[in-house]
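This is what each chain is made of:
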Amino acid sequence: MLRMFKFLKPYWISVLAVIALLFVQAMSELSLPNYMSDIVNVGIQQGGVENAVPQAVRTSQMEKLTMFMTGEERQLVLGAYTLVDQSSPDYSRLVKRYPLLESEAVYVLNDLTAEQIDTLNPVIGKALLIVSTIDNLAANPEKATAMAGQFGFDLSKLPPGTDAFSLLKSLPAEQFAAMKSAIDQKFASIDNSMITQSAAAAVRAEYVAVGGSEASLQTAYVLRIGGIMLLFTLLIAVCVILISLLSSRIAAGVARDMRREVFTKVESFSKTEFEGFSTASLITRSTNDITQIQGMIVMSLRMVFFAPMMGIGAIIRAVQNSPSMTWIIGLGVVVLLSLIVTVFSIALPKFQRVQKLIDRLNLVTRENLSGLMVIRAFNTQKFELERFDKANQDLTGNMLFIGRVMVTVSPLMTFIMSGLQLLIIWVGGHLVANSVIQVGDMMAFLQYAMHVVFSFLMISLMFIILPRAFVSLRRVSEVLEVEPAIKDPEHPKTFDERLRGQVEFRNVSFRYPGAEENVLCNISFTARPGETTAIIGSTGSGKSTVVNLIPRFFDVTEGSVLVDGRDVREVSQSDLRDRIGYIPQRGMLFSGTVESNLRYADENATPEELQKAVEIAQASEFIAGMEGGMSAPISQGGTNVSGGQKQRLAIARALVKKPPIYIFDDALSALDFKTDAALRRALKKETENSTMIIVTQRVSTIRNAEQIIVIDEGQIVGKGTHNELMDTCETYREMVSSQLSREELIS
Amino acid sequence: MTHAGSSQFQPRSSSPIQPPARPGGGPMGGPPGMLRGGEKAHDFKGTMSKLLRYLAPYKWSFVIVVIFAVAATIFTIVGPKILGKATTKLFEGVMAQISGTGSGFDFVGIGNILLLVGGLYIVSAGFSLIQGWILNNVSMKVTYGFRKEISEKINRLPLRYFDSTNQGEVLSRVTNDVDTVSQTLNQSMTQIISSVITMLGVLVMMLSISWIMTLITLIILPLSTIFIRFIVKRSQKYFKQQQDYLGHVNGHVEEMFSGHIVMKAFNGEKRSVEEFNKLNNTLYGSAWKSQFLSGLMMPVMNFIGNLGYVASAILGGWLAFRGMITVGDIQAFIQYIRSFTQPITQIANISNTLQQTAAAAERVFEFLQEEEELPETPNPLLPTTVSGHVEFRHVRFGYLPEKTIIKDFSADIQPGQKIAIVGPTGAGKTTMVKLLMRFYDIQGGAILLDGHDIREFTREGLRDKFGMVLQDAWLYNASIMENIRYGNLNASDEDVIRAAKTANVDHFIRTLPDGYNMILDEETSNISQGQKQLLTIARAVLSDPKILILDEATSSVDTRTEVLIQKAMDSLMHNRTSFIIAHRLSTIRNADRILVMNNGDIVEQGSHEELLAKGGFYANLYNSQFEEADLY
């Protein structure tokens, strides 16, 4: 399994880049909620006023404000502002912003750092609040009475028209100090953002008072924060696009590499390894499984890193934000996880059955289709309908259950999330009331809590999805881990050119890897050029295995197979196979044309050579009848030609190669007697000097062979000509008598 | 205040648990459904109205579903707005605390709001639950019904239909196409409803707040549409390319693996790998491009959405300054914008989903409307027993009406006679079988059983008189006992065992792991082709027919089994009229009559001696196997 990581190795830079980008994305995503709430809170609600420090203050107002400050504070505030009048160097610039400058001097805020603003904020905010409250009260005397107790001073008792501030100024120092301390006490429990929020109106009023435009203040703020927000979304978009680009390339690249390796590996397999898997399974492993893995890579690149990053990031922020509510997140996660666990423990068995039930339905349908004639012949349509119905019902029932689980879980989950929000607002509300946190904090917490819960959801889903993908991974690595048993020797020898096609078996035994018994036992014979050697035996006797040893589809377990005096294991496989024309049991064609199939044996064959091969193979007639003749299309697996035609083309293909050795692996049985006979007659003339090895069960095919080898249960039980064997070999006699009737034997 | 409830608006589709992937779906899995596309129904309107008619019995269910889905969606839209009031109250409390006026925090009020919203959410969840439950039931019923109808249809279609249609196609209708329709009903429908309602509801809410702001927001729509169009068009191209090349790669893999031995024998390894690499590299290019393009959708749509968010905040501020809108309304508006952009992508999917569904439904309906077998005769003969006298009277037949292959065939076969059908490979020997058992109807003349035209019987009644053993031994996935019983479903276990004994297969069955209870499946490897054929003989024995049709084994059966099969067939043929597709000379010579076929037509008939004397096609065929002897 670990070796799978080697496929990611060429892409490590990209993978690291993806992780880095994911980090940037996660951080941006997490900061986005703040900006969004800023737009609403500050931009809309506070009219764009971010803090309680006005950009410009009238001199009269500044005088009022400083009244409620300590000496220290007063110094701090006055230091932060510059009194600008018509003589000031910045006048021409500032007058545009604050038209009031034309008539009087104005305090304009210096360029300050964020920390400096933070220090000023409570000081000015407090003063602004007091001043605006007094202004307010002065305007509404009836309210003032109500608040008299709090201020220790009843403004309503002022005679109308009296300026409250000049009155306050004239108060005795102790009384004023007492009043101030009462106010300070009041403010002690209120935090900065609350002061800002409350003072926002006063700040805005001051801004208007100095001649500024309220709307432009707001627009400027929204534009600024909106700009930042858009920058972040743009950053996120760029990140996601880059991540998408990189991860698509990584996944497609890994899939491509994996596919190539698997394919190349399988192509190098000998028959032994190949048969260890079924063909269908090998196909699935090199196609579907890898596609699955590709999907998994994309998903894990995006989710495996992102979900924990978001989760942890959100937890950190949430805890920083309001540690006292962390337990709600914990609760949410626990509730959701237990829901998921419960649902999956209920639904998982049903999920696992889905594929089986679909397969079952497909199986029954396939059987219905392939058995059309039998079903109708036996009048079992009704029985088949019931069988189908059973499969259909099982599948439907199962899907119904899964569907119900799904439609139940989905609203439940939404509800849990919503409930969590309500809980946060309720608990948070109380915390706000006790001044532990602020409303803004609660809102932010809400967002973070959702992020955390979603991350956990993602992570738990990954635990469900990833194991399935690992199955594919394992299946692919199983193929890659197989070492082909048949390899070329390090120093391959070449063939002795004097001997053209002699095949010799020397005490050959063979057993399949892991099998208990030998398939072949002590086989010895020699097939000579110019002769036909026939190997006959019943199904399962091992006769095909014998000829599979010659082109090294398998390696012998004991003894040796020699071609032209060389052990087949001493020469290169390609050298060896160049000398052999092999015709398999089932005519196997590739998609293309008739010609491309013939040329598979020899790309440089002349048209005459092709024509000749076709004639010998008794295929010229039907090829001529096909539309396009030699260039007629052949579909995959040769499904558009009949079995006999396929077989003849396979024979023609081998003939094009003109090898010294021909192997007919039970290749003639699909032909009718007549074609079989004609073919052999033509073949005999053409291949006079070649070694012919014919595997068959049909006695008539090989009656005239120079040498007949009778195999039974993996052993040679007879060797000789037809007539010799009729005298000496009981097995052969049995075989002959079952196939030819007595009269023919005599004739 | 703020966007307390923005995550409420997660449309149902983004529910974290996705149902199991549809089987046979796009192999790449990655890109969302919309990008698959490329599939269109020929007659979208017609198919859709057919589908609607098909769904008519469930119309009340659908009405309830729509109402509940609408209600659930509306509640989710309204929820955040009410929830906003709770935050407002909280805020007022804070303000009161600061200014010292008022009564402080109104927790009773806040609690009431929370309870109200909680109640709304419960009702909404309840509605979506009921709605989902009903829809699930309906779609499962429809799926089940479709499948059932298809399976019934298979049994009513004439064999002719399957000559030109491959099994995979029919199979794909049963599973993939039906599944596509069911998925649309089950999921896409809720999605479509909730997306449309969300969009409409939000639109209404936005309009009620400010039409100017809504107008500005609506600029997002064409912007998104243009973008979605662009992406879909580009990615569809690559997606199709990817599918094509995936097909090529898979095809090459399949071909090379199934021809592994040939590839090896002809040293084709290098060529094969080269070809593979070429295809694989092209696949890589289109694979990452299509994946990448489909990944673009989300971030860009997000960006466009945020653009709208900021734009309406600015505009809202400006309007608020003019006193044309309140601050609270802007807040609500901004929240709605967030939920307005989300369903757009989904709605963009709708037409694709519907197209796919229509294409799938069309294939299903097409299949269901295929021409069926000719109806049975209204007053059929129902003889309990027949003698087995068969007569062919000037029979004319062609698989395609315009291409007659059997031109004028007559033969009179007495009860108990053995008829051998011979001819070279591909001569059409099974045609006779198909005509006799009325798998195909002849185009001229008549086939008579006991003097009655076979069309006067019901198909069932006719086929009841026949027993059939074909070379391609069809068995199904069940125990051996059940497979033999297939010949007569009412037979007892004892009958089955007796039939197995007659077919000389009892001993063999008893050597198998579970004996008669052994389940036969595709992986069953310890039963050879010949042994399977013995089982089919036993099956025919059990059906005890009057007329037999046998296909003799040729190759791939070992000698000993062949002897057994021969014996079994001989005892089966005893006293029955038999048609034997013959390969063995002894059968042919012992036949009462030989029908010689070539190129689909019956070219000669007569006994072995007659035909040899004639010196025609048969004589030629017969002698060919001895010709070799003459050469030497």
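Some details on the overall build of chain B
- When helices and strands are tallied, chain B shows 21 helices and ten strands.
- Summarising the internal contacts of chain B: among those between residues at least 6 apart in sequence, 80% fall at separations of at least 24.

As for the overall build of chain A
- When its secondary structure is counted, chain A shows 28 helices and 15 strands.
- Radius of gyration (C-alpha) of chain A: 46 Å, far over the 27 Å computed for a compact globule of 747 residues.
- Its C-alpha atoms put chain A at 150 × 65 × 50 Å along the principal axes.
- Look at the contacts in chain A between residues 6 or more apart in sequence, and 79% of them connect residues 24 or more apart.

Regarding the sheet that holds strand β2 (residues 406-413) of chain B
Residues and elements named next belong to chain B.
- A sheet is described by the order of its strands in space; here four strands give the open sequence β2-β1-β4-β5, paired in antiparallel fashion. A strand with exactly one partner marks an edge of an open sheet, and here the two such strands are β2 and β5 (452-453).
- Taken together, the two bridges between strand β4 (residues 444-449) and β5 define a ladder with antiparallel strand orientation. Across the sheet, residue L448 finds its bridge partner in β5, namely D453.

Notes on the environment of R511 of chain A
- In this structure, R511 of chain A sits in the loop between β4 (503-510) and β5 (520-527).
- According to the C-beta neighbour criterion, R511 of chain A is partly exposed, with 18 such atoms within 10 Å.

Things to note about the environment of S620 of chain A
Residues and elements named next belong to chain A.
- With respect to the element layout, S620 can be found in helix α22 (residues 620-625).
- The partly exposed category is assigned to S620, around which 18 C-beta atoms lie within 10 Å.
- Once you skip the residues sitting within four places of it in the chain, S620 turns out to touch V614 and E615.

Focus: the interface of chain B and chain A
- Taken together, the contact between chain B and chain A spans 146 residues of the former and 152 residues of the latter.
- With 30 residues, helix α10 (residues 269-321) of chain B is the single largest residue contributor to the side of chain B that touches chain A.
- Among the residues forming the side of chain B that touches chain A, the class breakdown is 78 nonpolar, 52 polar and 16 charged.

Here we look at the packing of helix α10 (residues 214-268) of chain A against helix α12 (residues 279-286) of chain A
Residue and element names in this part refer to chain A.
- Between α10 and α12, the shortest axis-to-axis distance is 9 Å and the interhelical angle comes to 155°. With respect to α12, the element α10 is oriented roughly antiparallel. Here R259, V262, F263 and V266 of α10 lie close against α12, whose contacting residues are L282, R285 and S286.
- Here the contact of α10 with α12 is composed, by residue class, of four nonpolar, one polar and two charged.

Re the nonpolar core
- Ranked by internal contacts, the top residues of the largest apolar core, which has 177 residues, are A449, V453, A652 and I663 of chain A.
- Among the elements that line this core, the one with the most residues is α10 of chain A, at 16 residues.
- Once residues within four sequence positions are removed from consideration, V453 of chain A is found in contact with G332, V333, L336, M417 and L420 of chain A.
- In terms of nonpolar packing, the next biggest core, distinct from the first, is built from 75 residues, V390, F397, I480 and F579 of chain B among them.

Remarks on the sheet that holds strand β8 (residues 566-567) of chain A
Residues and elements named next belong to chain A.
- Pairing in this open sheet of four strands is antiparallel, and the strands run β5-β4-β7-β8 from one edge to the other. The two strands at the open ends of the sheet, each matched to only one other strand, are β5 and β8.
- Across two bridges, the pairing between strand β7 (residues 558-563) and β8 is antiparallel. In the strand pairing of β8, V563 is matched with R566.

Examining the packing of helix α6 (residues 167-209) of chain B against helix α7 (residues 211-218) of chain B
Residue and element names in this part refer to chain B.
- Running from N to C, α6 and α7 point in directions that differ by 135°, and their axes come no closer than 6 Å. Between α6 and α7, the crossing angle belongs to the class labelled oblique. Residue-level contacts link M206, L207 and I209 of α6 to W211, M213, T214 and T217 of α7.
- Counted by class, the contact of α6 with α7 contains five nonpolar, two polar and no charged residues.

Observations regarding the pairing of strand β3 (residues 106-109) of chain A
Residue and element names in this part refer to chain A.
- Relative to β3, strand β1 (residues 56-58) runs antiparallel, the two sharing three bridges. Within β3, the residue paired with V57 across the bridge is Y107.
- Relative to β3, strand β2 (residues 81-84) runs antiparallel, the two being bridged by four bridges. Of the residues in β3, the one forming a bridge with Y81 is L109.

Overview of the environment of V174 of chain B
Residues and elements named next belong to chain B.
- Position of V174 among the secondary structure elements: in helix α6.
- A count of 25 C-beta atoms within 10 Å places V174 in the buried class.
- As a C-alpha pair, V174 and F146 span 28 residues in sequence and 8.0 Å in three-dimensional space.

Focus on the confidence of the model for chain B
All names here are of chain B.
- For chain B, the mean per-residue pLDDT works out to 79, and 87% of the residues sit at or above 70.
- Across chain B, the element-wise mean pLDDT spans from 41 in helix α1 (residues 33-36) up to 92 in helix α14 (residues 480-485).
- Considering only residues more than four positions removed or in separate chains, one finds that residues 1-37, a stretch of pLDDT under 50, has 107 contacts.
- Scored below 50 in pLDDT, residues 627-632 shows seven contacts in the model against residues more than four places distant or in partner chains.

Let's talk about the confidence of the model for chain A
- Taken residue by residue, chain A gives an average pLDDT of 82. The fraction at 70 or more is 93%.
- Counting contacts from residues 741-747 of chain A, a segment whose pLDDT is below 50, to residues more than four positions away or on other chains yields four contacts.

Some remarks on unusual backbone geometry
- Of note, Q618 of chain A is a non-glycine position whose phi angle comes to about 60°, a positive value.
- Inspection of the secondary structure puts Q618 of chain A in the loop between α21 (607-616) and α22.
- One non-glycine residue with positive phi stands out, namely H394 of chain B, at about 45°.
- Tracing the sequence through the fold places H394 of chain B in strand β1 (residues 390-397).

What counts and how
Residues numbered from 1 in each chain as written. Chains lettered and ligands numbered in written order. Predicted model: local features only at pLDDT ≥ 70, side-chain atom pairs only at ≥ 80, totals over all residues. Helix = DSSP H or I, 4+ residues; strand = E, 2+ residues; numbered from the N terminus. Contact = placed C-beta atoms within 7 Å. Rg over C-alpha atoms; globule rule 2.2 N^0.38 Å. Pairing = 2+ DSSP bridges. Buried ≥ 20, exposed ≤ 12 C-beta atoms within 10 Å, placed from the backbone. Nonpolar A, V, L, I, M, F, W, Y, C, P; charged D, E, K, R; others polar. Axes fitted to C-alpha atoms, helices over the stretch in contact; angles between N-to-C directions. Parallel < 35°, antiparallel > 145°, perpendicular 65-115°, else oblique. Core = buried A, V, L, I, M, F, W, Y, C linked by C-beta atoms within 7 Å. pLDDT = per-residue confidence, 0-100.

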